[in-house]
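Breakdown of the fold
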Amino acid sequence: MGSDNEGKKSAHKEKEKKKLLALAPIARPLAGKKLCKRTLKLVRKAAEHKCLKRGVKEVVKSIRRGNKGFCVIAGNITPIDVITHVPILCEEADIPYVYVPSKEDLANAGSTKRPTCCVLVLTKPTKGELGQEEQEKLKADYAQVVSDVSELASSFF
């Protein structure tokens, strides 16, 4: 039994190495394991509450319209030209952003089967309203992740 478990662990490590090798050179600031997990959890909650914009086109449109939020960009996108303008737009609009290693993980967290380049987590839903308790939970998670990302970005730049 022990060797089977070790085999799974080594396969998981190989998968993680492949994800890191596929990263684009501009994928900075890159979320670490803990921050990545917390970020994807926030994306999952935002998708449940319809507070999420998926894909480059929707994200760029929302940023240009002045919507505020938190941008999560996949780091393993090819060709890289597809997403190179998104961090610049985020910086101009004072929107925090972070890269995660895998577009597949980002899509799973965003409740889609199709791999997603980037998502924008909004603080409130585009249509309708959330319950007071749900809104506060989402905002607390949002504030926690954004503070961690801004701390990571400040140490990076």
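Here the structure is a predicted model, which means the values were calculated and not measured. (Residues numbered from 1 in each chain as written. Predicted model: local features only at pLDDT ≥ 70, side-chain atom pairs only at ≥ 80, totals over all residues. Heavy atoms only, no water.)

Side note on the overall build of the chain
Inclusion rule: We count a stretch as a helix when DSSP gives it H or I for four or more residues in a row; a strand needs E for two or more, and each element gets its number in order from the N terminus. For each residue, the accessible area found with a 1.4 Å probe, counting protein chains only, is set against the maximum for its type, and the residue is called buried under 20%, exposed over 50%, and partly exposed in between. Here, two residues are considered to be in contact whenever any of their heavy atoms come within 4.5 Å of each other. Computed with a 1.4 Å probe, the accessible areas rest on the Shrake-Rupley method; for each residue, only the protein chains presented here act as cover. For this count, His and the chain ends are skipped, Lys and Arg are scored as positive, and Asp and Glu as negative. Note on charges: their place is set at NZ of Lys, CZ of Arg, CG of Asp or CD of Glu.
The helix and strand tally for the chain stands at six helices and four strands. Dimensions of the chain, computed from C-alpha atoms along their principal axes, come out at roughly 50 × 35 × 30 Å. Counting all 157 residues of the chain, 42% fall into the buried class. Relative to all contacts within the chain whose residues are 6 or more apart in sequence, the contacts with residues 24 or more apart total 83%. Counting every atom, the chain has about 9,700 Å² of accessible surface; 52% of that belongs to carbon and sulfur. The averaged location of the 19 negative side-chain charges in the chain is 4 Å from the averaged location of its 30 positive side-chain charges.

Digging into helix α3 (residues 56-65)
Using the following cut-off: Taken from the helix axis, the directions to the C-beta atoms give the arc we talk about.
For α3, the full list of buried residues reads Val56, Val59, Val60, Ser62 and Ile63. The buried side chains of α3 occupy one side of the element, clustering within an arc of 165° when seen end-on. Within α3, the exposed residues directed more than 90 degrees away from the buried face are Lys57, Arg64 and Arg65. Along its buried surface, α3 packs onto β1 (52-54), β2 (69-74), α4 (86-92) and β4 (118-122). The first or second residue beyond α3 is Gly66, which carries a positive phi of 95°.

Things to note about the sheet that holds strand β3 (residues 97-100)
The cut-off we apply is this: We call two strands paired when DSSP finds no fewer than two bridges between them. To get an axis, fit a line to the C-alpha atoms, keeping to the stretch in contact for a helix; angles then go from 0 to 180 degrees between the N-to-C directions.
Pairing is mixed in the open sheet, where four strands are placed in the order β1-β4-β2-β3. Two strands in the sheet have a free side with no partner beyond their single neighbour: β1 and β3. Neighbour to neighbour, the strand axes of the sheet diverge by 20° on average, direction disregarded. Both β1 and β4 contribute to a ladder of three bridges, which runs antiparallel.

A look at the side chain of Lys53
Condition: A carboxyl oxygen of Asp or Glu within 4 Å of a side-chain nitrogen of Lys or Arg is what we treat as a salt bridge.
Checked against the element boundaries, Lys53 lands in strand β1. This buried residue, Lys53, is left without a salt bridge; Glu58 holds the nearest opposite charge, at 4.5 Å. Setting aside its immediate chain neighbours within four residues, Lys53 contacts Glu58, Val59, Ser62, Cys118, Val119, Leu120, Leu122 and Thr126.

Looking at unusual backbone geometry
With an omega of 0°, the peptide bond running from Arg28 to Pro29 counts as cis. Thr78 connects to Pro79 through a cis peptide bond whose omega is -10°. Its location among the elements puts Pro79 in the loop between β2 and α4. One non-glycine residue, Lys50, lies in positive phi territory at about 60°. Position of Lys50 relative to the elements: it lies in the loop between α2 (33-48) and β1. For Ser111, which is not a glycine, the phi torsion comes out positive at approximately 65°. Here Ser111 is to be found in the loop between α5 (103-109) and β4.

Keep in mind these values describe shape, not function.
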